[in-house]
Amino acid sequence: MQRLATGYGLIEGPVWDPSRGLYFSDVLNGGVSLLDRADQVSVAVPKRRGIGGMALHAGGGLVVGGRDIAVVGRSDGATHQLLAQEAIPGATGFNDLTTDRAGRVYVGSLAFRVFGGDPPKPGHLHVIDLDRSMRTVSDGIMLTNGLGFSADGKLLYHCDARSGLVRVYDVKADGSVGPWRTFATLAAGGVPDGLKVASDGSVWVADAHGGRVVVFNPDGSHRRDLPVPLPMVTSLCFGGDDLRDLYVVTGSRGGPSENCGSVFRTKVDVPGLALHPARVAV
């Protein structure tokens, strides 16, 4: 596993742009960086803190989480809010997100300050429709994390870090979801963080306390563990021309310094699924 970049506090939200490279955020220190196709790093969005999830927008910007959900222009930095924190009673912000094939945005809200010492309170799962209206489709998520769809769009996977499990929902034609059920659990002490789905239906989950990426078969059984050089594995993303480059990002907790968060890359034997750009009206 090759280390491509380091020196970050808590990396999250990796998203692959075929024309530019890998975008990733630093939750604690702020900003979004771009690791380009030549493995050179530059600042794409300065300063903004707390971005736990990102997606490409069909209009050319980046959908980012944090205190609200917004689209940030990659050329001019202009910010267009899609969902305000105040729209969700009791919300303290938003964490990870993903998109469906129609371009809707699915995002989890937080109900406590994760880094502020608050007692945990359950948050919700929301859908931002193409007209920018919002629906709350599930609840009881203690700490929302990775989200990802199956290839046919009929299943939505959703990590709950504080419950140690990965949920799965059946997705309806209108974008709503049915009751959740447990897809998989991590071993004792495991913390499911970022999530991506591969083309063979396997579900790849970052273990934030385990120094690994855990791969589950489509039926939820354990397939393999992929060791990562740092213990706090926060998220992952498939990239490259064949989507067989696995990018893995980390935080600093348990590492040699308070800013040792890193981006790693390794080749895997199964390609990931390309993520659809958001098409929510700006």
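Residues numbered from 1 in each chain as written. Predicted model: local features only at pLDDT ≥ 70, side-chain atom pairs only at ≥ 80, totals over all residues. Heavy atoms only, no water.

*Asks:* What am I meant to see in the overall build of the protein chain here?
*Replies:* Counting its secondary structure elements, the protein chain contains zero helices and 24 strands. A compact globule built from 282 residues should have a C-alpha radius of gyration of about 19 Å, and the protein chain, at 17 Å, falls within 12% of that. With respect to the three principal axes, the spread of C-alpha positions in the protein chain is 45 × 40 × 40 Å. Every one of the 282 residues in the protein chain was classed for burial, and the buried ones make up 58%. Nonlocal contacts in the protein chain, meaning residues at least 24 apart in sequence, comprise 44% of its contacts between residues at least 6 apart. Put simply, the protein chain shows about 11,200 Å² of open surface, and 50% of that area lies on carbon and sulfur atoms. Side-chain charges in the protein chain split into 28 positive and 28 negative, and the spacing between the mean points of these groups amounts to 1 Å. (Helix = DSSP H or I, 4+ residues; strand = E, 2+ residues; numbered from the N terminus. Rg over C-alpha atoms; globule rule 2.2 N^0.38 Å. Buried < 20%, exposed > 50% of the residue type's maximum accessible area, 1.4 Å probe, protein only. Contact = heavy atoms within 4.5 Å. Areas by Shrake-Rupley, 256 points an atom, 1.4 Å probe, with all protein chains shown as cover. Lys, Arg positive; Asp, Glu negative; His and termini not counted. Charge placed at Lys NZ, Arg CZ, Asp CG, Glu CD.)

*Asks:* So what exactly am I meant to see when it comes to the pairing of strand β9 (residues 79–83) here?
*Replies:* Remember that side chains alternate between the two faces of the sheet whenever the strand is regular. Here four bridges tie strand β8 (residues 69–72) to β9, and the two strands are oriented antiparallel to one another. Bridge pairing links Val71 to His80 in β9. The turn linking β8 back onto β9 is made up of six residues, and Gly77 within it adopts a positive phi angle of 75°. (Pairing = 2+ DSSP bridges.)

*Asks:* Mind showing me how you'd approach unusual backbone geometry here?
*Replies:* If a residue is not glycine, its phi is most likely negative; likewise, a peptide bond is most likely trans. Although it is not a glycine, Arg132 adopts a positive phi angle of roughly 75°. Its place among the elements puts Arg132 in the loop between β12 (123–128) and β13 (134–141). The phi dihedral of Leu243 falls on the positive side, at around 55°, and the residue is not glycine. Relative to the assigned elements, Leu243 resides in the loop between β22 (233–239) and β23 (245–250).

*Asks:* Honestly, the nonpolar core in this entry has me stumped. Any pointers?
*Replies:* The nonpolar side chains of soluble globular proteins are, as a tendency, buried together. Formed by 17 residues in total, the largest nonpolar core has its most connected members in Trp204, Val213, Leu246 and Val248. When contributions to this core are tallied by element, the ones reaching two or more residues are β19 (203–207), β20 (212–216), β22 and β23. Of all the elements, β22 adds the most residues to this core, at three residues. Counting 15 residues, the second largest nonpolar core, distinct from the first, contains Ala55, Ile88, Leu97 and Val280. (Core = buried A, V, L, I, M, F, W, Y, C linked by side-chain atoms within 4.5 Å.)

*Asks:* What should I look at first to understand the sheet that holds strand β7 (residues 62–64) in this one?
*Replies:* Backbone-to-backbone hydrogen bonds pair the strands of a sheet. The strands run either parallel or antiparallel. Read across the open sheet, the four strands follow the order β6-β7-β8-β9; overall the sheet is antiparallel. Strand pairing shows two members of the sheet lacking a second neighbour, β6 (54–56) and β9, which therefore form its edges. Within the sheet, the average angular offset between the axes of one strand and its neighbour, ignoring direction, is 25°. (Axes fitted to C-alpha atoms, helices over the stretch in contact; angles between N-to-C directions.)

*Asks:* What's the story with the environment of Arg20 in this structure? I'm lost.
*Replies:* The topology assignment puts Arg20 in the loop between β2 (11–17) and β3 (21–26). For Arg20, a relative accessible area of 35% puts it in the partly exposed group. As for Arg20 and Ala38, which are separated by 18 residues in sequence, their C-alpha atoms are 9.5 Å apart. Beyond its immediate stretch of four places on either side in the chain, Arg20 contacts Leu34, Leu35, Asp36, Arg37 and Arg74.

*Asks:* Would you mind going over the side chain of Asp207 with me for this structure?
*Replies:* Mapped onto the elements, Asp207 comes out in strand β19. Excluding residues that lie within four positions of it along the chain, Asp207 makes contacts with Leu186, Gly190, Val191, Arg212, Val214, Pro231 and Val233.

*Asks:* Quick question: what am I supposed to make of the pattern of salt bridges here?
*Replies:* Side chains that differ in charge, positive against negative, can pair when their charged atoms come close. Across all of its chains, the model carries 17 salt bridges by this definition. Where Arg181 meets Asp170, a salt bridge forms, and the shortest distance between an N and an O atom there is 3.1 Å. Residue Arg181 is found in strand β17 (residues 181–185), and its partner Asp170 is found in strand β16 (residues 165–170); the two are separated by eleven residues along the sequence. According to the relative accessible area criterion, Asp170 is partly exposed, its value standing at 38%. One continuous salt-bridge network, built from bridges that share partners, spans Asp100, Arg104, Asp129, Arg135 and Asp174. (Salt bridge = Lys/Arg side-chain N within 4 Å of Asp/Glu carboxyl O.)

*Asks:* Looking at this structure, I do not really get the packing of aromatic side chains. What am I missing?
*Replies:* What describes a pair of aromatic rings is the distance from one ring centre to the other and the angle between the planes of the rings. For the coordinates displayed, the defined rule picks out six aromatic pairs. Between Tyr106 and Phe149, the aromatic rings sit 5.0 Å apart at their centres with planes inclined by 80°, giving edge-to-face as the arrangement. One end of the pair, Tyr106, is in strand β11 (residues 105–110); the other, Phe149, is in strand β14 (residues 144–149), and 43 residues separate them in sequence. Tyr106 sits in the buried class, given a relative accessible area of 0%. We classify Phe149 as buried; its relative accessible area is 10%. Judged by centre distance (5.3 Å) and plane angle (80°), the rings of Trp204 and Phe238 are edge-to-face. Of this pair, Trp204 sits in strand β19 while Phe238 sits in strand β22, placing them 34 residues apart in sequence. Assigned by exposure class, Trp204 and Phe238 land together as buried. Above the ring of Trp180, the side-chain terminus of Arg167 is found at 4.1 Å from the ring centroid. (Phe/Tyr/Trp six-rings, centres within 6.5 Å; stacked < 30°, edge-to-face > 60°. Lys NZ or Arg CZ within 6 Å of the ring centre and 35° of its normal.)

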